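Examining the three-dimensional arrangement
Take a look at the letters that make up each chain.
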Amino acid sequence: MRGVAVAAIALTSVMTMAACAKDSGGGSNNSNTGSGAACEFATPPTAPATSNTSSAAGDKVDGSALKVGLAYDIGGRGDASFNDSAAAGLDKALTDMGIKKENTRELSAAPNEDEAAKQTRLRQLASEGFNPIIGVGFAYAESMKLVAAEFPNVKFALVDSAVEGATNVTPLLFAEQEGSYLAGVIAAYQSKKCHVGFVGGVEIPLIQKFEAGYFQGAKAAAPKIQIEKKYITPAGDFTGFQDAPKGQEAAKGQIDKGADVIYQAAGASGKGIFSAAKQGGVLAIGVDSDQYNQATVADTKDVIVSSMLKRVDVAVYDYIRAVAKNDLASLPKVFDLKVNGVGYATSGGKIDAKLQGILEGYKAQIIEGKIKVADKP
């Protein structure tokens, strides 16, 4: 029996290495053949004895002199996702740094608006004396390049993109693929049929980072897993981030094919994806913020097994803090697993101690560089 066990372990290791060699981190899953039964798992890495992520406590900072402007992407505060995470960072800055509520301004984008509208929004904030100004989303890149040049003494930050040559614009970038890798591991372990799905809001390189990491993590955990994928809208049509009915339709299509865990990276459209999961009796994985605790999706939170945390709140808070200290150089180049810029949520109690140990093992190997997570499908 001992010899059989040793042989089985060796075979599992070979299968795992083969799977990793074939895995590019995304793409079509047509070669997979889900069996409708629980996954056969690869041997997971061992969890570290202690956490090896950095922590940033820091000294008390006075930001009472700041006037902070936030230009949200479509959906604004209340989207239960990306924008709400940015809002949480601002709220924490108000509490911790003594920033007055009347010295903040929040403006939101409309779906498929033109560049002139974005420029007007940024220009309005700068003209009214707000400094710093944070653009929440890569959609502000072109407008910020123009407006930042008009206001060289105003400090700007841009979430998810950089503005080449603009010394007064700080990029706030994330390793979404690393957090999505862990979401893929979660999906594999939570699936009863070894068949999961991914719904993206808009098919653009940023959201493909989520797809790539998710596919790679799911396949690393369970090499034979079957994965569905669907984007709500193509590149250029940003309504995919704010169309709950289409999100629900996309998720239902995957559930009808047999997927029983759906990971969504779709902004406010995620509300529809959660609804489809609840109606279909399956599970879902949220994105950006801890969506189990978001009031706007409270009626479907029982299906949310976890959320991939893209800590826009941390980036916004840390940026405001760095401005208050006049120390922008202290910010990380990328908010990744190592600096807790991405991660996973355990709210709701569906991530038990065993699975958390598995996740921490994969997380440690990513941080150590032993696992390279692709950022493209």
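- Looking at an unreviewed UniProt entry, the chain carries the name ABC transporter substrate-binding protein, with the source organism given as Lentzea aerocolonigenes.
- In its Sequence similarities (unreviewed entry) section, the UniProt record describing the chain reads: "Belongs to the BMP lipoprotein family."

**Side note on the sheet that holds strand 9 (residues 283–288)**
- Taken together, six strands build an open sheet; the order of strands is 7-6-8-9-10-11 and the sheet is mixed. Both outer strands of the open sheet, strand 7 (226–233) and strand 11 (342–344), are each paired with one neighbouring strand and no more. Taking the axes of each pair of neighbouring strands and ignoring which way they run, one obtains an average angle of 15 degrees across the sheet.
- Two strands pair when backbone bridges link them, and strand 6 (residues 195–202) and strand 7 are joined in this way by seven bridges, in the parallel orientation. Note on strand 7: the bridge partner recorded for His195 is Gln226.
- The strands touched by helix 7 (residues 244–256) within the sheet are strand 6, strand 7 and strand 8 (261–265), with strand 7 carrying the most contacts at an inclination of about 160 degrees.

**Some details on helix 9 (residues 312–325)**
- The terminal C-alpha atoms of helix 9 lie 20 Å apart, and with 14 residues this matches the ideal 20 Å at 1.5 Å per residue to within 8%.
- With 11 of 14 residues buried, helix 9 is to be regarded as a mostly interior element.
- Those residues of helix 9 lying buried are Val312, Asp313, Val314, Ala315, Val316, Tyr317, Tyr319, Ile320, Arg321, Ala322 and Val323.
- Where the residues of helix 9 are buried, they touch strand 1 (68–72), helix 2 (82–97), strand 3 (133–135), strand 4 (156–159), strand 5 (169–172) and strand 10 (304–310).
- Immediately beyond the C-terminal end of helix 9, within one or two residues, lies Asn326, with a positive phi of roughly 55 degrees.

**A few points about the sheet that holds strand 2 (residues 104–108)**
- The parallel open sheet is built from five strands, whose spatial order is 2-1-3-4-5. With one partner strand each, in any of the chains shown, strand 2 and strand 5 form the two edges of the open sheet. Looking at each pair of strands side by side, their axes are set apart by 15 degrees on average, direction ignored.
- Two strands pair when backbone bridges link them, and strand 1 and strand 3 are joined in this way by three bridges, in the parallel orientation. Considered in strand 3, the bridge of Leu70 is made with Ile134.
- Helix 4 (residues 141–150) rests against strand 3, strand 4 and strand 5 of the sheet, and its axis sits at about 170 degrees to strand 4.

**A short note on unusual backbone geometry**
- Here the bond from Asn131 into Pro132 is cis, since omega is 20 degrees, no more than 30 degrees from zero.
- Here Asp288, not a glycine, exhibits a phi torsion of approximately 75 degrees, which is positive.
- Inspection of the secondary structure puts Asp288 in strand 9.
- By relative accessible area, which is 6% here, Asp288 ends up buried.
- For Asn326, which is not glycine, the phi dihedral falls at a positive 55 degrees.

**A short note on the packing of helix 2 against helix 9**
- Between helix 2 and helix 9, the least distance of the axes is 7 Å, while the angle of their chain directions is 40 degrees. In terms of their interaxial angle, helix 2 and helix 9 are classed as oblique. Note on packing geometry: the crossing formed by helix 2 with helix 9 is right-handed. Where helix 2 abuts helix 9, its residues Phe82, Ser85, Ala86, Ala88, Gly89, Leu90, Lys92, Ala93, Asp96 and Met97 lie against Val312, Asp313, Val316, Tyr317, Ile320 and Arg321.
- Considered class by class, the residues forming the contact of helix 2 with helix 9 number 10 nonpolar, two polar and four charged.

**Side note on the pattern of salt bridges**
- This structure, assessed with the given rule, holds 20 salt bridges.
- Glu106 is paired through a salt bridge with Lys101; the nearest N and O atoms lie 3.6 Å apart.
- Residue classification places Glu106 among the partly exposed positions, given a relative accessible area of 23%.
- One salt bridge in this structure joins Glu176 and Lys209, with 2.6 Å as the shortest N-O distance. With Glu176 in helix 5 (residues 176–190) and Lys209 in helix 6 (residues 205–221), this residue pair connects regions lying 33 residues apart in the sequence.
- What makes Lys209 buried here is its relative accessible area of 18%.

Basis of the calculations
- Residues numbered from 1 in each chain as written.
- Predicted model: local features only at pLDDT ≥ 70, side-chain atom pairs only at ≥ 80, totals over all residues.
- Heavy atoms only, no water.
- UniProt positions renumbered as here; feature names shortened; annotations may be inferred.
- Pairing = 2+ DSSP bridges.
- Helix = DSSP H or I, 4+ residues; strand = E, 2+ residues; numbered from the N terminus.
- Axes fitted to C-alpha atoms, helices over the stretch in contact; angles between N-to-C directions.
- Contact = heavy atoms within 4.5 Å.
- Expected span 1.5 Å × (residues − 1).
- Buried < 20%, exposed > 50% of the residue type's maximum accessible area, 1.4 Å probe, protein only.
- Parallel < 35°, antiparallel > 145°, perpendicular 65-115°, else oblique.
- Left-handed = near helix turned anticlockwise from the far one by under 90°.
- Nonpolar A, V, L, I, M, F, W, Y, C, P; charged D, E, K, R; others polar.
- Salt bridge = Lys/Arg side-chain N within 4 Å of Asp/Glu carboxyl O.

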